[in-house]
Amino acid sequence: MPSDATLQVIPRDRLVFAIKWGASAIQIMGYTATGFGWTPWNLYLFLFGVLGWFAVGALWNDKALMLVHLVALGAMIAGMSSS
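Residues numbered from 1 in each chain as written. Predicted model: local features only at pLDDT ≥ 70, side-chain atom pairs only at ≥ 80, totals over all residues. Heavy atoms only, no water.

### Considerations on a nonpolar patch on the surface
So, point 1. Residues F36, W38, W41 and Y44 make up a contiguous nonpolar surface patch of roughly 540 Å² in combined accessible area.
So, point 2. Examined against the element boundaries, W41 turns out to sit in helix α2 (residues 41–60). (Patch = residues over 30% accessible without salt bridge, like charges linked within 9 Å, V, L, I, M, F, W, Y side chains within 5 Å. Areas by Shrake-Rupley, 256 points an atom, 1.4 Å probe, with all protein chains shown as cover. Salt bridge = Lys/Arg side-chain N within 4 Å of Asp/Glu carboxyl O. Helix = DSSP H or I, 4+ residues; strand = E, 2+ residues; numbered from the N terminus.)

Below, the structure written as structure tokens:
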């Protein structure tokens, strides 16, 4: 017996829109945290922003966008683990 409840799926364009603007806002907060010297919060914000933009690149199948953010993520993790 089918259920009356329906699963609402977010359209792909709206999902990408939400992720890219959310990731952009988080990265701006990371820049602000860096400006005020709020370490390590700035790094955590940048990590979430970079991961968000990597996800956008994956959803768009944009290899250049994914590469830039994958390299940034690797550099950030390497820097965080060495300090």
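### Points about helix α1 (residues 12–35)
So, point 1. The first and last C-alpha atoms of α1 sit 35 Å apart over 24 residues, in line with the 34 Å expected at 1.5 Å per residue.
So, point 2. When we look at burial in α1, the residues that qualify are V16, A23, S24, Q27, G30 and A33.
So, point 3. G37, located one to two residues past α1, shows a positive phi value of around 75°. (Expected span 1.5 Å × (residues − 1). Buried < 20%, exposed > 50% of the residue type's maximum accessible area, 1.4 Å probe, protein only.)

### Observations regarding the packing of α2 against helix α3 (residues 63–82)
So, point 1. Closest axis-to-axis distance for the α2/α3 pair is 8 Å, and the angle between their directions is 155°. With respect to each other, α2 and α3 are oriented roughly antiparallel. In this structure, α2 crosses over α3, and the sense of that crossing is left-handed. Taking contact as the criterion, the partners of L43, Y44, F46, L47, V50, L51, W53, F54, V56, G57, A58 and W60 in α2 are, on α3, L65, M66, H69, L70, A72, L73, M76 and M80. (Axes fitted to C-alpha atoms, helices over the stretch in contact; angles between N-to-C directions. Parallel < 35°, antiparallel > 145°, perpendicular 65-115°, else oblique. Left-handed = near helix turned anticlockwise from the far one by under 90°. Contact = heavy atoms within 4.5 Å.)

### Observations regarding the side chain of H69
So, point 1. In this structure, H69 sits in helix α3.
So, point 2. Overall, H69 belongs to the buried group, its relative accessible area being 13%.
So, point 3. When residues no more than four places from it in sequence are discounted, the contact partners of H69 are V50, W53 and F54.

### Some words on α3
So, point 1. The end-to-end C-alpha separation of α3 is 28 Å, in line with the 28 Å expected for 20 residues at 1.5 Å each.
So, point 2. Taken together, the buried positions of α3 are L65, M66, H69, L73 and M76. End-on view of α3: buried residues confined to an arc of 100°, all on one side of the axis. Opposite the buried face of α3, by more than 90 degrees, sit the exposed residues K63, A64, L67, V68, V71, A75 and S82.
So, point 3. Packing partners of the buried residues in α3 comprise α2. (Arc of directions from axis to C-beta.)

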